[in-house]
Amino acid sequence: MPTDSPAPADTPRTPPAPAAQVPAPFPERAALPDPGPAPTLRDTDSPATAAPGPGSGPDAPAPATPRGYRAVFAVAEFRAVFAAHLLSLLGVVVSELALTVLVYDLTGSPLLSALTFALGLLPYIVGGTLFAGVADRYPARRVLVVCDLLCAACVAVMLVPATPVAGLLALRCLVAAIAPVFTGTRMAALTDILGEGDLYVLGRSLLRIVSQSAMLIGFGAGGVLLTVLSPRGAITVTVVTFLCSAALLRFGTRDRPARATAGHGAGGTLLKESLSGARLVLGDRRIRALMLLFWLPAMFVVAPEALAAPYADAIGASPAALGLLLCAMAVGHIGAELFVGSALSPRNRSRIVLPVAAAGLLPLLVYAVRPGLPLALAALALAGAGAAYVIGLDQWFVDAVPQELRGRAMTLLTAGLMTVQGLGMALAGLAAEFFPVHQVVAASGIIGTVCTLLLVAEVRRTDPRRMSYTEERDGADRHVTSR
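Source: prediction; values computed, not measured.

The rules behind each value
- Residues numbered from 1 in each chain as written.
- Predicted model: local features only at pLDDT ≥ 70, side-chain atom pairs only at ≥ 80, totals over all residues.
- Heavy atoms only, no water.
- Axes fitted to C-alpha atoms, helices over the stretch in contact; angles between N-to-C directions.
- Helix = DSSP H or I, 4+ residues; strand = E, 2+ residues; numbered from the N terminus.
- Parallel < 35°, antiparallel > 145°, perpendicular 65-115°, else oblique.
- Left-handed = near helix turned anticlockwise from the far one by under 90°.
- Contact = heavy atoms within 4.5 Å.
- Nonpolar A, V, L, I, M, F, W, Y, C, P; charged D, E, K, R; others polar.
- Phe/Tyr/Trp six-rings, centres within 6.5 Å; stacked < 30°, edge-to-face > 60°.
- Buried < 20%, exposed > 50% of the residue type's maximum accessible area, 1.4 Å probe, protein only.
- pLDDT = per-residue confidence, 0-100.
- Salt bridge = Lys/Arg side-chain N within 4 Å of Asp/Glu carboxyl O.
- Core = buried A, V, L, I, M, F, W, Y, C linked by side-chain atoms within 4.5 Å.

1. Structural notes on the packing of helix α11 (residues 285-301) against helix α19 (residues 406-432)
- Two elements in contact, α11 and α19, have axes whose closest approach is 8 Å; the angle formed by their N-to-C orientations is 20°. Classified by the angle their axes make, α11 and α19 are roughly parallel. Here the hand of the crossing between α11 and α19 comes out right-handed. Seen from α11, the contacting residues are Met291, Phe294, Trp295, Ala298 and Met299; seen from α19, they are Ala409, Leu412, Leu413, Gly416, Leu417, Val420, Gln421, Leu423, Gly424 and Leu427.
- Broken down by class, the residue content of the contact of α11 with α19 amounts to twelve nonpolar, three polar and no charged.

See below:
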């Protein structure tokens, strides 16, 4: 199941330095580590910190400890999750292209063909809000496997020639509604597989890189398949990839108990658990600010991609240039994420979160001068590179969310992210009906930067260490005054 988390869950963790306790809306929050914005690498999260085997001793040569992305791949369970993600994501990208062609062949309607793509985003908010409780209520492996099997069944029904167009679109919606539950469950499960430290952050980074790469490779592969197969024949590939993903997750990962406890809204109906989880997550000031920092920049950065075709036409670019405009941002994102994940320490990745997030949309201001192709490509690559702040933000988020709410929080995060991107595309298209395309893209950069700066200030204010210091200072002031 597509879209886009390193030692076993029982691995001991290095306790954080003592700090003043901060009142939190969750009763169990005091037992959790301080989710400050500058976490350090926990060596105990590394799979290499196993008990010494035979032949080890003071005179034995120290074994090489894998670091960075290599350390993540050293975890066998993550390799299974990674392979499942790659297979299902490629299958979904191929099926999206093939289904769009199939709907157009059956109806001859450009509107219905475009709607097929849109239906891949719109149901996210429904599935992510109403079914989020599944991620914590049931064991993660069971949820992931069942989601893959349900999606395989939906796609298999699409292959039946008697399935009407309305049925194809409804099945597309169902697959999209399942996607955020799968993705949120997998994100939460990565904290069990990789721990809550640096390996989790790098594991999430790898899955994002795969998602970006699959979009580039998958559409190309889908185009090639459609030259030798019918649309339904190409869709068959997706059924196989979903089944392979389910098998990898079933036999390649450990079965762990459900995450939910009697607290945090658990114990009622699924809908009640999902909605109460959303209220608890969004009701926490720190978690809400971090979640919005994922969402807001993503909402504005999609404008140039949504308007790539009309902009290419406006500057007289060729169809090949349009392809470059659509790929440039993904290329910048992949390159920056690989660099930040491999070259920067966890502390430095944490330090760049707020500055990079604040400046990430500024390259879009180049569109104000209606740039030619080379300058536009450079601006898009830089805007894509700005998304690298998410690596450090991942650590802040997992530290801020209680374990019992983690599945629901990450499902909501995924659903919101996809929804705001779809909304951003729609708003950019609407604005382009009244203003020149280049002005719309530049305005997206300006408005998005202002909104992000306001959000950065809120994230700083909710920093637990800053709040702890403020409370200590206020307490000292009251003590002096009482004298």
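Moving on from the model shown.
2. Digging into the packing of aromatic side chains
- For the structure on display, the rule yields five aromatic pairs.
- A centroid spacing of 4.9 Å and a plane angle of 55° characterise the contact between Tyr311 and Tyr367, whose relative ring orientation is tilted. In this pair, Tyr311 sits in helix α13 (residues 308-314) while Tyr367 sits in the loop between α16 (353-359) and α17 (373-385), placing the two residues 56 residues apart along the sequence. Across the pair, exposure class does not vary: Tyr311 and Tyr367 are buried alike.
- Ring-pair connections join several aromatic residues into one group, and the members of that group are Phe73, Phe78 and Phe82.

3. Here's the deal with the confidence of the model for the protein chain
- Put simply, the protein chain has an average pLDDT of 77, and 75% of its residues get 70 or more.
- Confidence over residues 476-483 falls short of pLDDT 50; this stretch has zero contacts with residues more than four positions distant or in other chains.

4. Comments concerning the pattern of salt bridges
- In the structure shown here, the tally under the stated rule is eight salt bridges.
- A salt bridge links Glu77 to Arg256; the nearest nitrogen and oxygen atoms lie 2.9 Å apart. Here Glu77, found in helix α2 (residues 76-107), pairs with Arg256, found in the loop between α9 (231-252) and α10 (270-283); they are 179 residues apart in sequence, far enough to count as distant.
- Given a relative accessible area of 11%, Arg256 falls into the buried group.
- The partner of Arg349 in a salt bridge is Asp198, and the shortest N-O contact between them spans 1.9 Å. Of this pair, Arg349 sits in helix α15 (residues 346-351) while Asp198 sits in helix α8 (residues 198-228), and the two are 151 residues apart along the sequence.
- Given a relative accessible area of 3%, Arg349 falls into the buried group.
- Classification of Asp198 as buried rests on a relative accessible area of 10%.
- The network of salt bridges with shared partners includes Arg204, Arg208, Glu337 and Asp394.

5. Quick word on the nonpolar core
- By size, the foremost hydrophobic cluster in this structure holds 111 residues, and its most contacted members are Phe78, Leu194, Leu293, Leu393 and Phe397.
- In terms of residues, this core owes the most to one element, helix α7 (residues 165-194), which gives 13 residues.
- Setting aside anything within four residues of it in sequence, one finds Phe78 in contact with Val72, Phe73, Leu190, Ile193, Leu194, Gly203, Leu206 and Leu207.

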